[in-house]
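# Close look at the chain arrangement
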Amino acid sequence: MNLPLLAVRNVMRNRFRTTLTICGVAVAVLCFVLLRTVVYSWTVAVDQAASDRIGTRHKITFIMPLPRRYIDEIRSVPGVTAATWMNWFGGKDPKNERDFFATIAVDSRSFLTVYDEIVVPPEDLERWYQDRKGALVGDALAKKKGWKVGDRITLVGTIFPGEWEFHISGIYTATRKSVDRSTLWFHWDYLNESLPERLRDTLGWVVSRVSDPARTAEISKAIDARFEDRDVQTLSMSERALNLSFMGMLSAVLTAVDIVSVVILVIMMLILGNTIAMGVRERTAEYGVLRAIGFWPRHLAAFVLGEGMITGLLGGALGLLLSYPIVEQGLGRWVEENMGALFPYFRVPWPTAALALTLALVLGVVASLIPAWRAARLDVITALRRMD
Amino acid sequence: MAAPQGHLSPAEGAYRSEPQVRAIARLRGVRKVFQRGAERITVLDGLDLEVPDGSFEALMGPSGSGKTTLLNLIAGLDRPTAGTIEVAGANLTDMTDGELARWRARTIGFIFQSYNLMPVLTALENVELPLLLTKLPAAERRKRARTALRVVGLEHRLHHFPRQLSGGQEQRVAIARALVSDPQIIVADEPTGDLDRHSADEILDLLERLNKEFRKTILMVTHDPHAAERATIIRRLDKGALT
């Protein structure tokens, strides 16, 4: 027997209450992990952005297009090694129009040179290049929709009206977490050729690769300088900055999620503190006996802090154990398949798991500070009187 | 007992017949006043007392007479408002709280009316508890705890939890806990108060044995005249004064 064992035994004294408390902490940790994973997943596009890519869009807004001829001028800017372009298509599955996934028209000749983190089997790629109506779909989207190579599908255009037929040429995966694996990529030529004359030859945005990631700011300025005196001016920035500017629109939501995750932990701490305080009150007489037989106030404080720490740790560990199957396997899969554009990689990051466990432990200790202080300050005589 | 045997040797039990008996506790002009709201209650008023070493004393008196307060003062649990208390060669009035805690662990064994064992610990672990404050290795602590439980006749209940023991057995575990660190003095506050007559007699037999065979000085607060009869000295307190 030793002093830590006594603290452990005290934790398990009222098993029902302890179990409920541990479950309460576990649920709080689970919610914390879930919310932090939402924030992480949302920001993963920024964190994982390629450092050698520059995005160029219309200076006024995303939704205004650029003239096609700009691509050649951008490619000629010193430092730009490759450039591709794409247009947001906005297609929907007529069988389930509420089922959102990104549909983007890309220049198939240059697309995979710029986005080399996208992995397509060579035979699929060859098939795509050969088929004007061919499309590449992410593995998450293919799994969700039950699509396989060779399938013919029809989408309804929301920006470009009408029914559009596509052939599934291949299924892509990605080597980088920021890639949305629930997107459908198809030939820009197919879109362009299908449009009325007045709508043709416009680009949604251009993405360039540069030779030196350290020069992205300089090259961005050089690109924009090219079009400074044109009717359509551009705004270029690194992929990270581009993603950040998009994220900026959601910053209030992310801040709210951050605040809620902290509030959850505070609530957890109050619940834990209350339970520990209750236990200390019930054991006042025992603490009196311990003090009588020679234990010091710091021993009693250590017992109480130890209880808080153990309860916090057990709750944290249980919360994490639950969060992996619930957040990562269950919810995460669903989110990646259904909301891949917003949450391309919905997995519990290990720093979040470590933070949750550490916070559960630390908050367990913090929650027991006041009960520990009270236990240490117990007057022996008063405590012993509580025996009867 | 595996503990230092100085105070446990049955062979030394005959000392009480010697004419010169030193006092193990000496109280001079002890006054204890409690403040309860605006009211000041004087529980002990200028009390003088000498407790002979190796004696078995019973403190009797009506409720509120100051018995437990006196016991707490001698055991170093409380401090007097005025006067001096010297116990086992130490002046308790000069000690800090930390020094008092260390002194109690070495010098005093406590027995309470409600036994007050830790419900989450076995009999053996409860008895081992005071030894956790020493530097003894775990094996030695365990050995001494077993010995103490053997002394009180519970060697067959080592791994039972308090809820698995009878009241008398629980009190015997509490006595073993009081005994395990080989204290000079055992203070017992109504040790038979919660027990039936048969169990009470067993506990009193045990206390008598500790006093006679192991030379422990025993100070026992009791309302029970039957229990007090076992003591070698009976003192009566009334309104804070010895009568």
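Values in this document were obtained by computation on a predicted structure and should not be read as measured data.

### Comments concerning the overall build of chain A
In terms of helices and strands, chain A carries 15 helices and 13 strands. By the compact-globule yardstick of 21 Å for 388 residues, chain A is too spread out, its C-alpha radius of gyration being 29 Å. Counting only C-alpha atoms and orienting by the principal axes, one finds that chain A spans roughly 95 × 45 × 30 Å. In chain A, buried positions account for 53% of the 388 residues. Taking the contacts inside chain A whose residues are at least 6 apart along the sequence as the reference set, 79% of them involve residues at least 24 apart. For chain A, the accessible surface area stands at approximately 17700 Å², while carbon and sulfur atoms represent 61% of it. Of the charged side chains in chain A, 44 are positive and 39 negative; the average position of the first set lies 10 Å away from that of the second.

### A short note on the confidence of the model for chain B
When pLDDT drops low, the exact placement of atoms in the prediction is not to be read closely. Residue and element names in this part refer to chain B. With 91% of its residues at a pLDDT of 70 or more, chain B shows a mean pLDDT of 86. Looking over chain B, one finds the lowest element-wise mean pLDDT in strand S10 (residues 241–242), namely 80, and the highest in helix H3 (residues 123–128), namely 95. Both scores are available for the predicted complex, with the pTM at 0.71 and the ipTM at 0.84.

### Topic: the interface of chain B and chain A
Facing 28 residues of chain B, the contacting portion of chain A comprises 25 residues. Across the interface of chain B and chain A, roughly 2400 Å² is buried in total on both sides, 68% from carbon and sulfur atoms. Looking at the side of chain B facing chain A, the largest losses of area belong to Met 118, Val 120 and Leu 133 of chain B, adding up to 23% of the total buried there. Inspection of the region where chain B meets chain A yields one salt bridge. Close ionic contact of Arg 9 of chain A with Glu 125 of chain B constitutes a salt bridge, the shortest N to O distance being 2.7 Å. Taken together, the links from chain B to chain A amount to four residue pairs in polar contact (both at pLDDT 80 or more). Of all the secondary-structure elements, those providing two or more residues to the side of chain B that touches chain A are helix H2 (97–107), H3 and helix H4 (138–151) of chain B. The element that contributes the greatest number of residues to the side of chain B that touches chain A is H2 of chain B, accounting for five residues. Taken together, the residues of the side of chain B that touches chain A break down into 15 nonpolar, five polar and eight charged.

### Side note on the packing of helix H1 (residues 3–11) of chain A against helix H12 (residues 297–338) of chain A
Two packed helices can be described by the angle between their axes and the distance between those axes. Residues and elements named next belong to chain A. Remark: H1 packs on H12, axes separated minimally by 9 Å, with the N-to-C direction vectors making an angle of 55°. Our classification of the angle between H1 and H12 gives oblique. Judged by the sense of rotation from one axis to the other, the crossing of H1 with H12 is right-handed. Where H1 abuts H12, its residues Leu 3, Leu 6, Ala 7, Val 8, Asn 10 and Val 11 lie against His 299, Phe 303, Glu 307, Ile 310 and Thr 311. By residue class, the composition of the contact of H1 with H12 is seven nonpolar, three polar and one charged.

### Describing unusual backbone geometry
All names here are of chain B. With a phi close to 65°, Tyr 115 is a non-glycine residue in the positive phi region. By the element assignment, Tyr 115 lies in the loop between strand S6 (108–111) and H3. Overall, Tyr 115 belongs to the buried group, its relative accessible area being 10%. Phi is positive for Glu 190, close to 50°, though the residue is something other than glycine. Structurally, the position occupied by Glu 190 is in the loop between strand S7 (185–189) and helix H6 (197–212).

### Some words on the domain arrangement of chain A
Residues and elements named next belong to chain A. On domain assignment, one finds that chain A holds domain 1 (3–46 + 250–385) and domain 2 (53–211). Here the C-alpha centre of domain 2 lies 46 Å away from the C-alpha centre of domain 1. The interface of domain 1 with domain 2 comprises 11 residues on the first partner and 11 residues on the second. Roughly 1000 Å² of surface becomes buried between domain 1 and domain 2 when both sides are summed, with 50% attributable to carbon and sulfur atoms. The interface formed by domain 1 and domain 2 contains zero salt bridges. Between the two partners, domain 1 and domain 2, sit zero residue pairs in polar contact (both at pLDDT 80 or more). Listed by contribution, the elements that provide at least two residues to the side of domain 1 that touches domain 2 are helix H2 (15–47) and H12.

### Here's the deal with empty space enclosed by the protein
According to the stated counting rule, one finds two cavities of 30 Å³ or more in the structure shown. Taken as a whole, the largest cavity holds about 150 Å³ of empty space. Surrounding the largest cavity, 15 residues form its lining, Asn 10, Val 11, Thr 18, Thr 275 and Glu 307 of chain A being those nearest its centre. Tallying contributions element by element places helix H10 (residues 251–282) of chain A first for the lining of the largest cavity, with five residues. Here the lining of the largest cavity is built from residues that sort into three nonpolar, seven polar and five charged. Of the voids in this model, the second largest cavity is the one considered here, and its volume is about 50 Å³. Together, Ile 293 of chain A together with Arg 104, Ala 105, Ile 108, Pro 130, Arg 177, Ala 178 and Ser 181 of chain B line the second largest cavity. Residue assignment for the lining of the second largest cavity shows that the elements contributing at least two residues are H2 and helix H5 (167–179) of chain B. When its residues are assigned to classes, the lining of the second largest cavity shows five nonpolar, one polar and two charged.

### Points about the pairing of strand S5 (residues 102–106) of chain A
All names here are of chain A. Within S5, five of the five residues are buried, leaving the element largely enclosed by the surrounding structure. Where burial is concerned, the two faces of S5 agree: the one with Ala 102, Ile 104 and Val 106 and the one with Thr 103 and Ala 105 are both buried. Relative to S5, strand S3 (residues 80–88) runs antiparallel, the two being bridged by three bridges. Bridging across to S5, Asn 87 finds its partner in Ala 105. Taken together, the five bridges between S5 and strand S10 (residues 183–187) define a ladder with parallel strand orientation. Directly across from Thr 103, in S10, lies its bridge partner Leu 184.

### Looking at the packing of H5 of chain B against H6 of chain B
Residue and element names in this part refer to chain B. Remark: H5 packs on H6, axes separated minimally by 9 Å, with the N-to-C direction vectors making an angle of 15°. In terms of orientation, H5 and H6 fall into the roughly parallel class. When the axes of H5 and H6 are compared, the crossing they make is right-handed. Residues Gly 168, Gln 171, Arg 172, Ile 175 and Leu 179 of H5 pack against Ser 199, Glu 202, Ile 203, Leu 206, Leu 207 and Leu 210 of H6.

### Focus on the sheet that holds strand S9 (residues 233–238) of chain B
An order of S6-S7-S8-S3-S9-S10 (chain B) is seen for the six strands of this open sheet, with the pairing classed as mixed. Lying at the two open borders of the sheet, with one neighbouring strand each, are S6 and S10 of chain B.

### Some points on H6 of chain B
Residue and element names in this part refer to chain B. The terminal C-alpha atoms of H6 lie 22 Å apart, and with 16 residues this matches the ideal 22 Å at 1.5 Å per residue to within 8%. For H6, the complete set of buried residues consists of Ser 199, Ala 200, Ile 203, Leu 204, Leu 206, Leu 207, Glu 208, Leu 210 and Asn 211. Between the side-chain oxygen of the N-cap and the backbone nitrogen of His 198 there are 3.1 Å, and the N-cap of H6 in question is Asp 196.

Basis of the calculations
Residues numbered from 1 in each chain as written. Chains lettered and ligands numbered in written order. Predicted model: local features only at pLDDT ≥ 70, side-chain atom pairs only at ≥ 80, totals over all residues. Heavy atoms only, no water. Helix = DSSP H or I, 4+ residues; strand = E, 2+ residues; numbered from the N terminus. Rg over C-alpha atoms; globule rule 2.2 N^0.38 Å. Buried < 20%, exposed > 50% of the residue type's maximum accessible area, 1.4 Å probe, protein only. Contact = heavy atoms within 4.5 Å. Areas by Shrake-Rupley, 256 points an atom, 1.4 Å probe, with all protein chains shown as cover. Lys, Arg positive; Asp, Glu negative; His and termini not counted. Charge placed at Lys NZ, Arg CZ, Asp CG, Glu CD. pLDDT = per-residue confidence, 0-100. Buried area = accessible area lost by both parts, 1.4 Å probe. Salt bridge = Lys/Arg side-chain N within 4 Å of Asp/Glu carboxyl O. Polar contact = N/O pair within 3.5 Å; in protein donor to acceptor, adjacent residues only side chain to side chain. Nonpolar A, V, L, I, M, F, W, Y, C, P; charged D, E, K, R; others polar. Axes fitted to C-alpha atoms, helices over the stretch in contact; angles between N-to-C directions. Parallel < 35°, antiparallel > 145°, perpendicular 65-115°, else oblique. Left-handed = near helix turned anticlockwise from the far one by under 90°. Domains from an automatic or database assignment. 1 Å grid on protein atoms, 1.4 Å probe; cavity = no way out; pocket = protein on both sides within 12 Å on 5 of 7 lines; lining within 4 Å. Points joined across faces, edges and corners; volume = space filled by probe spheres on them. Pairing = 2+ DSSP bridges. Expected span 1.5 Å × (residues − 1).

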